[in-house]
Amino acid sequence: MREKSSISGPRPRMSGARKGAAVGLSLAALAAGATTGAASASAQPKNAPAPAADCSAAYRIEQKLTGGTTWRMCWRYDGKAGLVLEKISYQPKGETKPIKVLNSARLGQIHVPYDDGSVEYDDLTGFGFAQGLMNLAPGECPGGTIKTVKVPEAWDPQNADVKGLCTTTRARGHAYRMQGDAANKVYQAQSKDLLVYTVNQVGWYEYMTEWRFQDDGTVTMNVGATGSLSYDDYDAGDGRGWPIGKGDRAKATSHSHNVFWRLDFGLDGSTKNRIEQYDSAVTAPASGDPAPKTKTTRTKIAKELAGDAKNYRWWRVVSATGKNKDGHARSYEIVPGASTKYPGRSYTKHDMYFTQYNKCEKFATHNPGCGNGHPKSVDKWVSGQALTHPIAWMNVGFHHIARDEDQQPMPVHWQGFSIVPRDVTAMNPLTPSELAWQNGHWRPRS
């Protein structure tokens, strides 16, 4: 294989084909502020309830954001998956205790096939993604904390401890803006997110895996690909590449980045979550009607599903036990990001998979954890089982056709998705106190 690797240790040399294996983690990039135990005591809210994240201080992340929301979670580092976040809870102002959201969240695979059919890679299970954790300089984690990560079974035992996990906060801009009844009254708030991220080098590429937690309860997961185009891979003479540099002689080979995420929801502390799919149909106006009509249909997903994102379609994960103060079931809506779905493999032909929990099913492709002839890819796990403990797998694809601007270094290109609270709280958790009475079908006060 043509390659490049500046990572210390006996890593396999990488093909130039690897030059484009970049992924954009967008569930968003998690915005992290201070890490409990590493931050000062003043960073912790006074009189707060016991953290929902049950782990030692060194592996606990806790951040209270400017809007009054506190996020809590544990972290660990897996020898193949890289960063894993666990026991994730969300506590907006007005809630007396943390609301459990996720049991765990992590990458499920980065699959990189090349357009000329010469090679494809599974970066997490086949190309040392986790081993390529990079040290971060203080300037890369402004205002935050860089945690030291011990890489399991490090290929280079002398350099197993890496300053590679950043938790910080990052401005998001407007959380809301509303003109009041009087022209001289404007309600607006600026927000910050908790951002948690690592950088992992695989050959020529560097993957920025971000998890961003917003004060309104939204979580965004993103993978960003940056680094360099491989100088050994300007050989796409079959029309499957793009000329880079002067003239039309050297063409960089095009390729895809198919990123999978694995989410284990635990809404309100229970694994018995329900899955629902919503589809809306728009019909042309009948004679005499002033406008088209739209009808939305709910489908309860009781068994495993290989789903496709479509216009006017969305999914939500519903709590089996928790309700908000209005008596509505708490849920999280899954919001796919922009994607170019790769049709070349069975496991990349769908955008969304819901499978029944199996502790050995950890990676969406080339899964090494199961034995006895167990299928090795997520599409084969959809076999009709009842969903009593659903696992959500999101597949987001990006087709990378290189351009002159990809050198040098290559700008970050992102791919990812979000989960958004739906009825987790009875109102906007950032509602200013003077508007708190306007819940439901309110009437202006005289």
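Cut-offs used in this document
- Residues numbered from 1 in each chain as written.
- Predicted model: local features only at pLDDT ≥ 70, side-chain atom pairs only at ≥ 80, totals over all residues.
- Heavy atoms only, no water.
- Helix = DSSP H or I, 4+ residues; strand = E, 2+ residues; numbered from the N terminus.
- Buried < 20%, exposed > 50% of the residue type's maximum accessible area, 1.4 Å probe, protein only.
- Contact = heavy atoms within 4.5 Å.
- Areas by Shrake-Rupley, 256 points an atom, 1.4 Å probe, with all protein chains shown as cover.
- 1 Å grid on protein atoms, 1.4 Å probe; cavity = no way out; pocket = protein on both sides within 12 Å on 5 of 7 lines; lining within 4 Å.
- Points joined across faces, edges and corners; volume = space filled by probe spheres on them.
- Nonpolar A, V, L, I, M, F, W, Y, C, P; charged D, E, K, R; others polar.
- Pairing = 2+ DSSP bridges.
- Core = buried A, V, L, I, M, F, W, Y, C linked by side-chain atoms within 4.5 Å.
- Phe/Tyr/Trp six-rings, centres within 6.5 Å; stacked < 30°, edge-to-face > 60°.
- Lys NZ or Arg CZ within 6 Å of the ring centre and 35° of its normal.
- Salt bridge = Lys/Arg side-chain N within 4 Å of Asp/Glu carboxyl O.
- Disulfide = S-S within 2.5 Å.
- pLDDT = per-residue confidence, 0-100.
- Polar contact = N/O pair within 3.5 Å; in protein donor to acceptor, adjacent residues only side chain to side chain.

1. Describing the overall build of the chain
(1) Moving on: When you go through the chain residue by residue, the secondary structure sums to 2 helices and 23 strands.
(2) Moving on: Counting across all 446 residues of the chain, residues that qualify as buried make up 52%.
(3) Moving on: In the chain, the proportion of contacts linking residues at least 24 apart, taken out of those at least 6 apart, comes to 66%.
(4) Moving on: For the chain, the accessible surface area stands at approximately 19,900 Å², while carbon and sulfur atoms represent 49% of it.

2. Quick notes on the layout of surface pockets
Picture a little ball the size of a water molecule; that probe, rolled over the atoms, points out where space is still empty.
(1) Moving on: The calculated volume of the largest pocket comes to roughly 510 Å³.
(2) Moving on: Taken together, 25 residues form the lining of the largest pocket, with Arg76, Asp78, Arg106, Lys362 and Phe363 sitting closest to its centre.
(3) Moving on: Looking at the lining of the largest pocket, the elements that each hand over two or more residues are β4 (70-78), β5 (82-91), β6 (99-113) and β15 (255-265).
(4) Moving on: Among the elements that line the lining of the largest pocket, the one with the most residues is β6, at 3 residues.
(5) Moving on: Its residues assigned to classes, the lining of the largest pocket shows 8 nonpolar, 7 polar and 10 charged.

3. Examining the pairing of β15
(1) Moving on: Of all the 11 residues making up β15, 11 are buried; the element is thus mostly covered by neighbouring parts of the structure.
(2) Moving on: Looking at chain direction, β6 and β15 are connected through 8 bridges and run antiparallel. Considered in β15, the bridge of Ala105 is made with Leu263.
(3) Moving on: Pairing between β15 and strand β22 (residues 390-400): 10 bridges, direction antiparallel. Following the sheet pairing, Arg262 is matched in β22 by Trp393.

4. Overview of the nonpolar core
(1) Moving on: The biggest cluster of nonpolar side chains holds 62 residues, and the ones touching the most others in it are Trp71, Trp211, Phe213, Trp261, Leu263 and Ile419.
(2) Moving on: Among the elements that make up this core, the one with the highest residue count is β6 (7 residues).
(3) Moving on: By size, the runner-up hydrophobic cluster in this structure holds 8 residues, among which are Tyr353, Trp381, Ile391 and Trp393.

5. What to know about the packing of aromatic side chains
(1) Moving on: One pass over the structure, following the stated rule, counts 12 aromatic pairs.
(2) Moving on: Taken together, the ring pairs connect Trp71, Tyr90 and Phe213 into an aromatic cluster.
(3) Moving on: Directly above the aromatic system of Phe363 lies the positively charged group of Arg106, at a separation of 4.9 Å from the ring centroid.

6. Remarks on the pattern of salt bridges
(1) Moving on: This structure, assessed with the given rule, holds 22 salt bridges.
(2) Moving on: Lys185 is paired through a salt bridge with Glu434; the nearest N and O atoms lie 3.8 Å apart. In this pair, Lys185 is assigned in the loop between β9 (161-179) and β10 (186-202) and Glu434 in the segment after β23 (410-422), connecting sequence segments 249 residues apart.
(3) Moving on: On the basis of relative accessible area, Lys185 is assigned to the partly exposed category, the value being 33%.
(4) Moving on: The shortest N-O distance in the salt bridge between Asp406 and Arg403 comes to 3.3 Å.

7. Details of the state of the cysteines
(1) Moving on: With the rule as written, the count across this model stands at 3 disulfides.
(2) Moving on: Bridging Cys141 to Cys166, the disulfide has an S-S length of 2.1 Å. On the sign convention where negative is left-handed, the bridge of Cys141 and Cys166, at about 85° about the S-S bond, is right-handed. Of the two residues, Cys141 is situated in the loop between α1 (123-126) and β8 (145-150) and Cys166 in strand β9; the sequence distance between them amounts to 25 residues. You'll find Cys141 and Cys166 in the same group, each marked buried.

8. Overview of the confidence of the model for the chain
(1) Moving on: For the chain, mean pLDDT is 87; residues scoring 70 or higher make up 86% of the total.
(2) Moving on: Throughout residues 1-51 the model reports pLDDT below 50, and contacts reaching past four residues in sequence, or to other chains, amount to 225 contacts.

9. Side note on the pairing of β23
(1) Moving on: Bridging between strand β12 (residues 219-227) and β23 involves 8 bridges; their strand directions are antiparallel. Within β23, the position partnered with Met221 by the bridge is Phe417.
(2) Moving on: In the sheet, strand β20 (residues 329-336) pairs with β23 via 6 bridges, with the strands oriented antiparallel. Residue pairing across strands places Glu333 opposite Val420, the latter belonging to β23.

10. What about unusual backbone geometry?
(1) Moving on: With an omega of -5°, the peptide bond running from Gln407 to Gln408 counts as cis.
(2) Moving on: Relative to the elements of secondary structure, Gln408 occurs in the loop between β22 and β23.
(3) Moving on: Cis peptide bonds are those with omega within 30 degrees of zero, and the linkage from Gln408 to Pro409 qualifies with 10°.
(4) Moving on: In the Ramachandran plot, Asp268 falls in the positive-phi region, its phi being about 60° despite a non-glycine side chain.
(5) Moving on: Considering the arrangement of structural elements, one finds Asp268 in the loop between β15 and β16 (274-283).
(6) Moving on: Its relative accessible area of 24% is what places Asp268 among the partly exposed residues.
(7) Moving on: Look at His366: it is not a glycine, yet its phi comes out positive at around 45°.

11. Details of the side chain of Asp379
(1) Moving on: Inspection of the secondary structure assignment puts Asp379 in helix α2 (residues 378-381).
(2) Moving on: Look at Asp379 and you get buried, because its relative accessible area is 16%.
(3) Moving on: Of the polar contacts made by the side chain of Asp379, one reaches the side chain of Ser346; its length is 2.7 Å.
(4) Moving on: Look past the residues within four positions of Asp379 in its chain and what remains in contact with it is Ser346, Tyr347 and Tyr353.

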